[in-house]
There are 2 protein chains.
Amino acid sequence: MMAPMALEHAILVSLLEQPGSGYELARRFDRSIGRFWTATHQQIYRVLKRMESDGWVIAEEIGQDGRPDKRAYSVAEAGRAELITWLRDPVQPEAVRHELAVKIRGAAFDDAAGRAALISEVERYRKTHEAVLERYVHGEGRDFPAGTELDAGQRLQHVVLRGGIAYERMLLDWLDDVLDTLRAL
Amino acid sequence: MMAPMALEHAILVSLLEQPGSGYELARRFDRSIGRFWTATHQQIYRVLKRMESDGWVIAEEIGQDGRPDKRAYSVAEAGRAELITWLRDPVQPEAVRHELAVKIRGAAFDDAAGRAALISEVERYRKTHEAVLERYVHGEGRDFPAGTELDAGQRLQHVVLRGGIAYERMLLDWLDDVLDTLRAL
DNA sequence: GGTTGCTATGCAACTAGTTGCATAGCATGA
DNA sequence: TCATGCTATGCAACTAGTTGCATAGCAACC
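Before going into details, it helps to say that this report is about the structure given with it. Bear in mind that the values here come from a model prediction, so they are computed numbers and not experimental data.

So, the protein's contact with DNA strand D
Here is step 1 of the chain: If you check the shell around DNA strand D, you find 23 residues, and the closest are Lys49, Gln64 and Arg71 of chain A together with Gln43 and Arg46 of chain B.
Here is step 2 of the chain: Near-protein atoms of DNA strand D (within 4 Å) split between backbone and bases, with sugar and phosphate holding 60%.
Here is step 3 of the chain: Within the side chain of tyrosine 23 of chain A, a nitrogen or oxygen atom sits 2.9 Å from a phosphate oxygen of DNA strand D.
Here is step 4 of the chain: One of the side-chain nitrogen or oxygen atoms of glutamine 42 of chain B is found 3.0 Å away from a base oxygen of DNA strand D.
Here is step 5 of the chain: Elements with a minimum of two residues in the surface near DNA strand D: α2 (22–28), α3 (41–53) and β3 (70–75) of chain A together with α3 (41–53) of chain B.
Here is step 6 of the chain: For the surface near DNA strand D, the leading source of residues is α3 of chain A, giving four residues.
Here is step 7 of the chain: Residue composition of the surface near DNA strand D, grouped by class: five nonpolar, nine polar and nine charged.

Okay, structure coming up:
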């Protein structure tokens, strides 16, 4: 049945790192995991139901004080086996979707006002990514301080974070190049 | 009606750069445009039909010698107006989907054989991106030789290509980091 | 005369992901 | 007591994209 369905596998990895409820997963998908996979809470709940009925995960109702009850999920043996099979499949070539690049090439067909608007937009976009980089670098200093012994899982998390940092730095440099190019038109 | 539907807009940009048939567009989406937006020929034909019935593009049947006839599309006024409106909308925050990063974090839950398989896979992945970078650099030398006068459209195409090159270089460096990390586990 | 292969277009069924909405528990403060 | 806001879960309708398949023109080669 082919290889896709990466959301399921991202959830398996996250639940293996730390079991949790759909709500907690949704919040992780807004932070750490969200760096390389995104999903809404609706989709997460839907997929968790399917994974539960496939026997990949096990749910446990947990009563809580001072807040609503929750269903905490953890990975079952079948889920772990599925993950390991998937890990050994080749990586799918990724579907590129870079809207900003489309807009930059599209700017050739807009007038001076449109190009000015695009410059503002690129500046705004750059600011949001500056903030993202700052957040990553801060997280790196907090979670992986120099000179600390790290286990395998932490070293793998760290190398993925370094990828995010490298990406954001590359992006900021390129956005400067874009701004120079747009201003020189 | 919100802002998404970027495929339509990528097609508009491509047809403004150069009118052409669905087949020709599909080939461009395998090369230049494919650098920042992907689509299958089935989807392109489907979307072109919709764009035609919305009056964004105009089709012309062209009889050809030595090969089947084709329907050549060009952008209508309504399509150009739509593109310009879209260009001025804010860029949507992109949905990140980085399967390899999921697999790297997942490797913490696999055994030595699984990590060895991942190393091979990363090496293979690295080779394909080496080839991509080479292709980009070659294309840059061919299309944008140093010291040439470029018009606005070409300068914009060039800066987008530079982004692709910067991305691939960053990626190759990071993959080396990943390989070092995996081997040191 | 048949096969292979590129050009050219498309339908149908499916999967994945988005958007809008709804419900409910419980705490805090006005 | 009412409003606000966070925790927590979910349904329904929709849009976008994928996959598998089908058809046909025409050239070149065997």
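Re the relation of the copies chain A and chain B
Here is step 1 of the chain: Of the transformation placing chain A onto chain B, the axial shift is 0.0 Å and the rotation is 180 degrees, giving an RMSD of 0.0 Å. Seen this way, the second copy is the image of the first under a two-fold rotation axis.

Side note on the interface of chain A and chain B
Here is step 1 of the chain: On the side of chain B, 63 residues touch chain A, which itself brings 63 residues to the contact.
Here is step 2 of the chain: Between chain A and chain B, a total of about 6,300 Å² is buried, with carbon and sulfur atoms accounting for 65% of that surface.
Here is step 3 of the chain: By the criterion of area lost to chain B, the three top residues of chain A are Val91, Arg105 and Phe109 of chain A, representing 14% of everything that side buries.
Here is step 4 of the chain: Where chain A touches chain B, the interface holds eight salt bridges.
Here is step 5 of the chain: A salt bridge links arginine 88 of chain B to aspartate 110 of chain A, with the nearest nitrogen and oxygen atoms 2.8 Å apart.
Here is step 6 of the chain: Viewed at the interface, chain B and chain A are joined by 28 residue pairs in polar contact (both at pLDDT 80 or more).

Some words on the nonpolar core
Nonpolar side chains tend to gather and get buried jointly when the protein is soluble and globular.
Here is step 1 of the chain: With 46 residues, the main nonpolar core has Ile11, Leu15 and Phe29 of chain A together with Leu100, Ile104, Val122 and Trp174 of chain B as its most contacted residues.
Here is step 2 of the chain: Counting residues per element, this core draws most heavily on helix α1 (residues 6–17) of chain A, at eight residues.
Here is step 3 of the chain: Leave out the neighbours within four places in its chain, and tryptophan 174 of chain B touches Val159, Val160, Arg162 and Gly163 of chain A together with His98, Leu100 and Ile104 of chain B.
Here is step 4 of the chain: Judged by nonpolar contacts, the second largest core, of 45 residues, contains Leu100 and Trp174 of chain A together with Tyr73 and Leu83 of chain B.

Some details on the protein's contact with DNA strand C
Here is step 1 of the chain: The local shell around DNA strand C holds 23 residues, among which Gln43 and Arg46 of chain A together with Lys49, Gln64 and Arg71 of chain B are the closest.
Here is step 2 of the chain: Counting only the atoms of DNA strand C that lie within 4 Å of the protein, the sugar and phosphate share comes to 59%.
Here is step 3 of the chain: A distance of 2.6 Å separates a base oxygen of DNA strand C from a polar side-chain atom of arginine 46 of chain A.
Here is step 4 of the chain: Looking at the surface near DNA strand C, the elements that each hand over two or more residues are α3 of chain A together with α2 (22–28), α3 and β3 (70–75) of chain B.

Notes on helix α7 (residues 152–184) of chain A
Here is step 1 of the chain: Here α7 of chain A is 33 residues long and its end C-alpha atoms lie 48 Å apart, about the 48 Å a rise of 1.5 Å per residue gives.
Here is step 2 of the chain: For α7 of chain A, the N-terminal cap is aspartate 151 of chain A; the gap from its side-chain oxygen to the backbone nitrogen of glycine 153 of chain A is 3.1 Å.

Concerning the environment of alanine 26 of chain A
All names here are of chain A.
Here is step 1 of the chain: Relative to the helices and strands, alanine 26 is located in helix α2.
Here is step 2 of the chain: Residue classification places alanine 26 among the buried positions, given a relative accessible area of 11%.
Here is step 3 of the chain: As a C-alpha pair, alanine 26 and alanine 39 span 13 residues in sequence and 7.3 Å in three-dimensional space.
Here is step 4 of the chain: When neighbours within four sequence positions are excluded, alanine 26 is seen to be in contact with His41 and Ile44.

Re the pattern of salt bridges
Here is step 1 of the chain: Tallied over the entire structure, the rule returns 28 salt bridges over all chains.
Here is step 2 of the chain: With its nearest N and O atoms 3.3 Å apart, the salt bridge here joins glutamate 99 of chain A to lysine 103 of chain A. With glutamate 99 of chain A and lysine 103 of chain A both in helix α5 (residues 99–106) and four residues apart, the pair spans about one turn of that helix. Considered together, glutamate 99 of chain A and lysine 103 of chain A belong to a single accessibility category, that of buried residues.
Here is step 3 of the chain: Between arginine 124 of chain B and glutamate 121 of chain B there is a salt bridge; the shortest N-O distance is 2.6 Å. In this pair, arginine 124 of chain B and glutamate 121 of chain B are both assigned in helix α6 (residues 112–143), three residues apart and thus about one turn of the helix distant.
Here is step 4 of the chain: Taking the relative accessible area as the measure of exposure, arginine 124 of chain B reaches 36% and is therefore partly exposed.
Here is step 5 of the chain: Where salt bridges share partners, they join Glu52, Glu61 and Arg71 of chain A into one cluster.

Some thoughts on helix α4 (residues 77–87) of chain A
Here is step 1 of the chain: Within α4 of chain A the residues assigned to the buried category are Gly79, Leu83, Trp86 and Leu87 of chain A. Around the axis of α4 of chain A, the buried residues are gathered within 100 degrees of arc, so they sit on the same side.
Here is step 2 of the chain: Turning to α4 of chain A, the residues buried within the fold contact α1 and β3 of chain A together with α5 (99–106) of chain B.

Rules and cut-offs
- Residues numbered from 1 in each chain as written.
- Chains lettered and ligands numbered in written order.
- Predicted model: local features only at pLDDT ≥ 70, side-chain atom pairs only at ≥ 80, totals over all residues.
- Heavy atoms only, no water.
- Near = heavy atom within 4 Å.
- Polar contact = N/O pair within 3.5 Å; in protein donor to acceptor, adjacent residues only side chain to side chain.
- Helix = DSSP H or I, 4+ residues; strand = E, 2+ residues; numbered from the N terminus.
- Nonpolar A, V, L, I, M, F, W, Y, C, P; charged D, E, K, R; others polar.
- Least-squares fit on C-alpha atoms with pLDDT ≥ 70 in both.
- Contact = heavy atoms within 4.5 Å.
- Buried area = accessible area lost by both parts, 1.4 Å probe.
- Salt bridge = Lys/Arg side-chain N within 4 Å of Asp/Glu carboxyl O.
- Core = buried A, V, L, I, M, F, W, Y, C linked by side-chain atoms within 4.5 Å.
- Buried < 20%, exposed > 50% of the residue type's maximum accessible area, 1.4 Å probe, protein only.
- Expected span 1.5 Å × (residues − 1).
- Arc of directions from axis to C-beta.

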